[in-house]
Every structure is written in structure tokens, then in C-alpha cells.
Amino acid sequence: MVETAGGGPGDGAAEVLDRPLPDGVRRRVVQIVSDGFGGLTLGELPAQLRQYARFAPNRRAKFAGNAMAAALETDPLFRQRIGEKLREAQPELSSALDSGSPPPAADPLDVAAAAYVLRPAGWVKLVTAAGEEALRADAERADEESRAELERLREQLDRSREQTRTETERLRTELETARKEAEALHRKLRAALSDVKRGEAALRKAQAEMEAVRSEGQAQVSAAESETRRLKARLAETEAALEAGRKAAREGRSVEDMRVRLLLDTVLDAAQGLRRELALPPVSVRPAETVDAVEPGRMSPKDIAARALSEHDPAILDQLLALPQAHLVVDGYNVTKTGYPQMPLEKQRLRLLGQLSQLAAQTGAEVTCVFDGAELAAPVLLAPPRGVRVLFSKPGVTADELIRQLVRAEPPGRPVIVASTDREVADGVARVGARPVASAVLLKRLS
């Protein structure tokens, strides 16, 4: 039993709705609650509706409709407050409901929704009558829609029949056209069969002619073979006659040989006269002496270590660089990471190149320093120091391979010294004639 605004004994508080609230009436009730919702303070709202206090009326009706309907049914105080807001918004309708005579021109759904909220005497009848009126209106609307749909379907059926008649006429026309085309194709087919028969006859005739030509060709081949055998016999006779002619010519060459010998003697005498006229000096240097090689008793890069020096003595590097046209190739990162690995790569390069520049100035040797390009994060902007050639390996090529290419590019016999601790590099350059030196030896010499 719920209590409504202005409720008292005998008004509408004891009345109970024995059926679900019609959908149309329920939507109007939710709208009334949503409109009066904004005029209440947060404390006047039920706890379950306070989260929707800041929503716009339309959004409240959309998202909180079920919650508002339930609160209106179960919370008499909330229903009373909503009823007061409704009386303020629609005083005429509220007064008419309190007096038991709702306005005849009012919408039954609005009257039923207001009666559901205000709960005057007889509100259940108003809600029930509004529900029945809504159902009747829905039925009439559905009936009207059904009649309209039936009329539309009839018109669509008439159009379909008309299209069917048109399509049937078109298909009959196409069928007649196809029948005529089929008859024409049959005539063409009979003509083609006649052509095929004539072609078969012509083919048989051509095959007979080809057999005759083949027989004639075989006869001509036999005649050609006989002619070939006859020509071969004549060729053999001609070759025998040519050989006899050559023999006779050899017997008559003695006179020609004498003339050639006389001409040769004349040329030799003329050459001797030319030598006396030019007065050329005698030859003192032979071509074999121009080839660069190590002669017995001379020092080579591999023999320089025989001077009782240790392999780790820096003096051995000075002896190697003192050789004529010596070329020092340095494995850059191998040397710097052996001597000062804690420094950044850029400072390693600058320190090594500065020391190599001093070494090149002291010894006069050609110096090439090779760095691995794979260690670079970006292109290096570097001004090579005086007397030192700086090279970085290309992408995909290691510094070791670049060093081997430099050694192979030198002519055999030139002193080439490679400073590297890498065993593979040392063995590789030694096989092609270079002299490997440990990185520690170069570092001692530079320090």
C-alpha cells in the first residue's frame, strides 16, 4: 500500500494497479519524473538516483528510466515530491484530477501518467482506461498500417504482373530470334560439313601428290649420290696431279733460294753500316736486372729480424721502417683497444693518428691506418694528419679484409709491415710477403 501527494482516507491511496503499467503511460511517467528531477536537491533524491543528478532530462529519461520508475513506486516521499513539482508545472490538470473530472481534450496518456503520480481517487481506472485507449490506438494504427501495406502490396503485385507480361513478351521475342539464329546456324553447319568433306578430299589428293614427290626425291638423292662418288674420284685425280706439280716446283727452287740468300746478305751489310753510323754504346744493363727482387746477401723485411733483436723490441720496427720505400699498414682498432681500450672510439682514433703522424715524420715511411667501418654509428668527419693515410672499411667488408687487399696491391719485393695482434691477419699478410708486427711493439715505439 503506497501513499500519494495529498493522500488521505478515501482518496486513491488504497487503490492497487493489478496489471503492468502500459508502455505509453510508463514513458510519460518517466518523463514527468525526469522533468521534476532537476528541481530537487541531492538530499531529496533517493540514494539510487543521486548518480543521475547532473544528467540532462533527456539523458536521465534514457539511462535512468527503470530506476526512476522503481523509485516512484517504492518511495512514497519521493513520489510526493515529484507530485508537488507536477502540480507546480501543470496546475490545471492536477486540479481537474483532484476534482475527479479530467479535461476531455487532454491526452489520455498524459492524464493516466499524472494520475499515476498524484494518486487521486479512481487513478487505477484512469491508468487502465489510458492503457486500453493506447492499445486501441495501437490496434487502429496497426490496422491502418496493415491496410496501407496491403494497398502497397497490391500495387507491387500489379507492377509485378505488368513486368511479368512485359518480360514474357520480351522472352518470346528473344526466343523467336534465337530460333531464327539456330536455323541460320544449322544452315552454316551443313555448309561447314560440306566444306569439311571437300577438304578431306583435297587432303587425300595432297597426300597422293606428296607420295609422288617423295618417290621423285628419293630418285634424285640416288642420282646425287652417284654424282658425288664420281666427283670424289675426280678430286683424287686432281690431288695426285697437284702433288706432282709441287714436286716439280721443289726441284726448281734452287734459283729462287739463291736470290733470297743474296737479298739477305744485302740486308745484313746494310745493318752493320747503320750500327757504325749510329755508334751505339755497348749494352751494360740486361732486362733481367730491372726486376725488383732480393739478391743473395741483401736484407729483406723477413731477414731484418736476424739482427739478434727480440720480436717484442721496438727497435725492430725502426729497422723495418728504415728499409727503402717501406710501407706501414696499421690495424687501427686492434692497436687502440690493445693500448687504451677504456677511451671512446673517437679519442682512440685521434690519439693513434697523432702518434702515427710523428712516426711518419721521423722515419719518412708511408703509413696507412685502417679502421673497421662497422664500428661507426655515423659518417666520420676527420682531417687525416700529415703523412698518414686513413681508411675505413666499406659496409660488409671488415678491416682485416681491407688490410689484405692493401698488401696484395703492393708490388712483390716492396717492404710492407702490418701492425696487428690478430693472428688471422698476421698469418694472411705473411703468406703474401708482408712482415707482421704485434700491436704492442708499435705501441712501445710510439710511446
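These figures come from a predicted structure and were not determined experimentally.

Q: Can you lay out the overall build of the chain for me, pointing to particular residues and giving the numbers?
A: Tallying secondary structure elements over the chain gives 14 helices and five strands in all. Taking all 447 residues of the chain together, 27% fall into the buried category. The contacts of the chain with a sequence gap of at least 6 include a subset with a gap of at least 24, amounting to 61%.

Q: Residue-level account of the sheet that holds strand E3 (residues 388-392), with values.
A: Ordered by their spatial adjacency, five strands build an open sheet running E3-E2-E1-E4-E5, and the pairing between neighbours is parallel. Each having just a single partner strand, E3 and strand E5 (435-437) make up the two edges of the open sheet. Mean inter-strand twist for the sheet, computed between neighbouring axes without regard to direction, equals 20°. In the sheet, strand E1 (residues 327-331) pairs with strand E2 (residues 366-371) via five bridges, with the strands oriented parallel. Bridge assignment links Leu-328 to a residue of E2, and that residue is Val-367. Contacts from helix H11 (residues 345-363) reach E1, E2 and E3 within the one sheet, and its direction differs from that of E2 by about 165°.

Q: So what's going on with the pairing of strand E4 (residues 416-419)? Residues and values would help.
A: Burial along E4 is two-sided: the residues Val-416 and Val-418 and Ile-417 and Ala-419 are all buried. Relative to E4, E1 runs parallel, the two sharing four bridges. Bridge pairing links Val-330 to Ala-419 in E4. Direction of pairing for E4 relative to E5: parallel, over a ladder of three bridges. Residue pairing across strands places Ala-419 opposite Val-437, the latter belonging to E5. A crossover connection joins E4 to the parallel E5 through helix H13 (residues 423-431); in handedness this β-α-β unit is right-handed.

Q: Any details on unusual backbone geometry? Residues and values, ideally.
A: In terms of backbone geometry, most residues other than glycine have negative phi values and most peptide bonds are trans. Even without glycine at this site, Gln-325 takes up a positive phi of about 60°. Within the fold, Gln-325 resides in the loop between helix H9 (315-321) and E1. For Gln-325, a relative accessible area of 61% corresponds to the exposed category.

Q: Can you explain the environment of Leu-356? Please cite residues and give values.
A: By the element assignment, Leu-356 lies in helix H11. Each C-alpha atom, one on Leu-356 and one on Leu-442, is 9.6 Å from the other, the two residues being 86 residues apart in sequence. For Leu-356, the contacting residues outside a window of four places in its chain are Val-330, Val-367, Cys-369, Val-388, Leu-442 and Leu-446.

Q: Lay out the side chain of Ser-439 in plain terms, naming residues and giving numbers.
A: Relative to the elements of secondary structure, Ser-439 occurs in helix H14 (residues 439-446). Judged by relative accessible area, Ser-439 falls into the buried class, the value being 0%. A polar atom in the side chain of Ser-439 sits 2.6 Å from the side chain of Asn-334. In terms of polar contacts, Ser-439 uses its side chain to reach the side chain of Thr-421, at 3.0 Å. Excluding anything up to four places from it in sequence, Ser-439 contacts Asn-334, Val-335, Thr-338, Ala-419, Ser-420 and Thr-421.

Q: Could you give an account of the pairing of E2, naming the residues involved and the relevant values?
A: In summary, the side chains of a regular strand alternate between the two faces of the sheet. Across the six residues that make up E2, a large majority, five, are buried. One ladder, built from five bridges, connects E2 with E3; its direction is parallel. In the sheet register, Val-367 faces E3, and the bridge partner there is Val-388.

Q: Mind laying out the packing of helix H12 (residues 399-409) against H13, listing which residues take part and the relevant values?
A: The interhelical angle for the contact between H12 and H13, taken along N-to-C directions, is 15°, at an axis separation of 10 Å. Relative to H13, the element H12 is oriented roughly parallel. The two elements H12 and H13 cross, and the hand of that crossing is right-handed. Facing H12, whose interface residues are Asp-400, Ile-403, Arg-404 and Val-407, H13 presents Glu-424, Val-425 and Val-429.

Q: Could you give an account of H12, naming the residues involved and the relevant values?
A: Think of an α-helix as 3.6 residues a turn; residues three or four steps apart then line up on the same face. Of all the positions in H12, only Ala-399, Asp-400, Leu-402, Ile-403, Arg-404, Leu-406 and Val-407 are classed as buried. Buried positions along H12 lie against E1, E2, E3, E4 and H13.

Q: Hey, could you go over the nonpolar core for me, with residue numbers and the actual values?
A: One finds Val-29, Leu-72, Phe-78 and Ile-82 to be the most contacted residues of the largest nonpolar core, which totals 31 residues. Put simply, the parts of the chain that give this core at least two residues each are helix H1 (23-37), helix H3 (65-74), helix H4 (76-89), helix H5 (91-98), helix H6 (108-118) and helix H7 (123-251). A total of nine residues in this core trace back to one element, the largest contributor, which is H6. Discounting residues that sit within four places of it in the chain, Val-29 has contacts with Leu-21, Leu-72, Ala-113, Tyr-116 and Val-117. By size, the runner-up hydrophobic cluster in this structure holds 29 residues, among which are Val-335, Ala-360, Ala-365 and Cys-369.

Q: Before we move on, can you summarise the confidence of the model for the chain with the specific residues and values?
A: Across the chain, the average pLDDT comes to 79, with 79% of residues at or above 70. Within the model, pLDDT remains below 50 along residues 1-10, and this stretch shows 17 contacts once partners closer than five positions in the same chain are excluded.

Q: I'd like a rundown of the environment of Ala-96, residues and numbers included.
A: For Ala-96, the location among the structural elements is in helix H5. Judged by its relative accessible area of 13%, Ala-96 is buried. Not counting the four nearest positions on each side in its chain, Ala-96 is found in contact with Ser-101, Pro-102 and Pro-103.

Q: So what about the pattern of salt bridges? Which residues, and what values?
A: Enumeration over the complete set of coordinates arrives at 18 salt bridges. Two residues, Glu-149 and Arg-152, come together in a salt bridge whose shortest N-O distance is 2.1 Å. With a gap of three residues between them, Glu-149 and Arg-152 both fall in helix H7, about one helical turn apart. In this structure Arg-152 comes out as partly exposed when scored by relative accessible area, which is 39%. Linking Arg-389 and Glu-366 is a salt bridge whose minimum nitrogen-to-oxygen distance equals 2.8 Å. Taken as a pair, Arg-389 in strand E3 and Glu-366 in strand E2 lie far apart in primary sequence, 23 residues in all. What you see here is one network of salt bridges that share partners, running through Glu-366, Arg-389, Glu-410 and Arg-414.

Rules behind the numbers
Residues numbered from 1 in each chain as written. Predicted model: local features only at pLDDT ≥ 70, side-chain atom pairs only at ≥ 80, totals over all residues. Heavy atoms only, no water. Helix = DSSP H or I, 4+ residues; strand = E, 2+ residues; numbered from the N terminus. Buried < 20%, exposed > 50% of the residue type's maximum accessible area, 1.4 Å probe, protein only. Contact = heavy atoms within 4.5 Å. Pairing = 2+ DSSP bridges. Axes fitted to C-alpha atoms, helices over the stretch in contact; angles between N-to-C directions. Right-handed = clockwise from strand over helix to strand, strands pointing away. Polar contact = N/O pair within 3.5 Å; in protein donor to acceptor, adjacent residues only side chain to side chain. Parallel < 35°, antiparallel > 145°, perpendicular 65-115°, else oblique. Left-handed = near helix turned anticlockwise from the far one by under 90°. Core = buried A, V, L, I, M, F, W, Y, C linked by side-chain atoms within 4.5 Å. pLDDT = per-residue confidence, 0-100. Salt bridge = Lys/Arg side-chain N within 4 Å of Asp/Glu carboxyl O.

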